[in-house]
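So you can see what is in the structure, the chains are spelled out below.
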Amino acid sequence: LDEGDEVVDYNIARHIVNLHQKRAQAVEPDFTTRDLQTYIRFARTLKPRFTAAAKRVFVEKYLRLRSNDVTGTNKTAYRITVRQLESMIRLAEALARLHLDEWVRPQYVQEAARLLDKSII
């Protein structure tokens, strides 16, 4: 869902207009393609493990999703099953890799839950 925010919308619009005005100068990353490939290659080697706090947040978020599904506050026909928990775990692991972190931390679980919530509910 795209939630409107006047400041964010203004900044996005300004950026897009600038991209079209100055195409050559608009995108000049601080890293090379080779740097990015090296980063991705290394990130893929990581096998992050869960912190105890992250485990608690996984359970809490999954129970909340299930509760919303059972009580009918979820207005879609989408049923929350263990597959959504597995998806949340994969997303949190991917976020840890993105940050080159060997640990899945609560903030990664929170973001994974938010992404799952916005995509299915």
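You'll find the structure just up there.
Source: prediction; values computed, not measured.

Turning our attention to a nonpolar patch on the surface. Together, V8, I12 and I16 make up a nonpolar patch on the protein surface, roughly 250 Å² of accessible area in all. Its place among the elements puts I16 in helix α1 (residues 6–21).

This part is about the packing of aromatic side chains. Under the criterion given, the structure shown has one aromatic pair. For the pair F50 and F58, a centre-to-centre distance of 5.1 Å together with 65° between the ring planes defines the contact as edge-to-face. Taking relative accessible area as the criterion, F50 reaches 28% and is therefore assigned partly exposed. When its relative accessible area of 5% is taken as the criterion, F58 is described as buried. Just above the ring of W103 sits the side chain of R49; from NZ or CZ to the centre is 4.4 Å.

To continue, consider helix α5 (residues 82–98). Helix length check: α5 (17 residues) gives 24 Å between terminal C-alpha atoms against 24 Å at 1.5 Å per residue, within 8%. What α5 keeps buried is the set Q84, L85, M88, A92, E93, L95 and A96. Positive backbone phi, at 55°, marks L100, one or two positions downstream of α5.

We now examine the pattern of salt bridges. Under the defined criterion, the tally for this structure stands at two salt bridges. Between D101 and R105 there is a salt bridge whose closest N-O contact spans 2.6 Å.

Turning our eyes to something else, we now look at the nonpolar core. Formed by 18 residues in total, the largest nonpolar core has its most connected members in F58, M88, A92, V104 and V109. Contributing elements (two or more residues each) for this core: α4 (52–71), α5 and α6 (106–120). A per-element tally of this core places α6 first, with six residues. With residues up to four places along the chain from it excluded, the contact list for V109 reads A54, V57, F58, M88, A92 and V104.

Rules used throughout
- Think of each chain on its own: its residues are numbered from 1, step by step along the sequence as written.
- At least 70 in pLDDT is required for a residue's local features to be given in this predicted model, at least 80 for side-chain atom pairs to be given and counted, and no such filter applies to totals for whole chains, interfaces and linings, which use all residues.
- No hydrogens and no water enter the side-chain calculation; it runs on all heavy atoms of the structure.
- To count toward a patch, a residue needs a relative accessible area above 30% and no salt bridge. Like charges then connect within 9 Å, nonpolar side chains (Val, Leu, Ile, Met, Phe, Trp, Tyr) within 5 Å.
- For the area figures, the Shrake-Rupley method with a 1.4 Å probe applies, and any residue is considered shielded solely by the protein chains shown.
- Any carboxyl oxygen of Asp or Glu that lies within 4 Å of a side-chain nitrogen of Lys or Arg is treated as forming a salt bridge with it.
- A run of DSSP states H or I qualifies as a helix once it reaches four residues; a run of E qualifies as a strand once it reaches two. Both are numbered from the N-terminal end.
- Any Phe, Tyr or Trp ring, taking Trp's six-membered ring, that has another such ring centre within 6.5 Å forms a pair; planes under 30 degrees apart are called stacked, those over 60 apart edge-to-face, and the others tilted.
- For every residue, the accessible area obtained with a 1.4 Å probe (protein chains only) is divided by the maximum for its type, and the residue is called buried under 20%, exposed over 50%, and partly exposed between those limits.
- Should the NZ of a Lys or the CZ of an Arg lie within 6 Å of a ring centre and within 35 degrees of the ring normal, that charge is described as sitting over the ring.
- By this rule the span expected of a helix is its residue count minus one, scaled by 1.5 Å.
- By nonpolar core is meant a set of buried Ala, Val, Leu, Ile, Met, Phe, Trp, Tyr and Cys residues that side-chain atoms within 4.5 Å join together.
- When checking whether two residues touch, look at their non-hydrogen atoms; a contact exists if any pair is within 4.5 Å.

Don't take any of this as a statement about function, it's just geometry.
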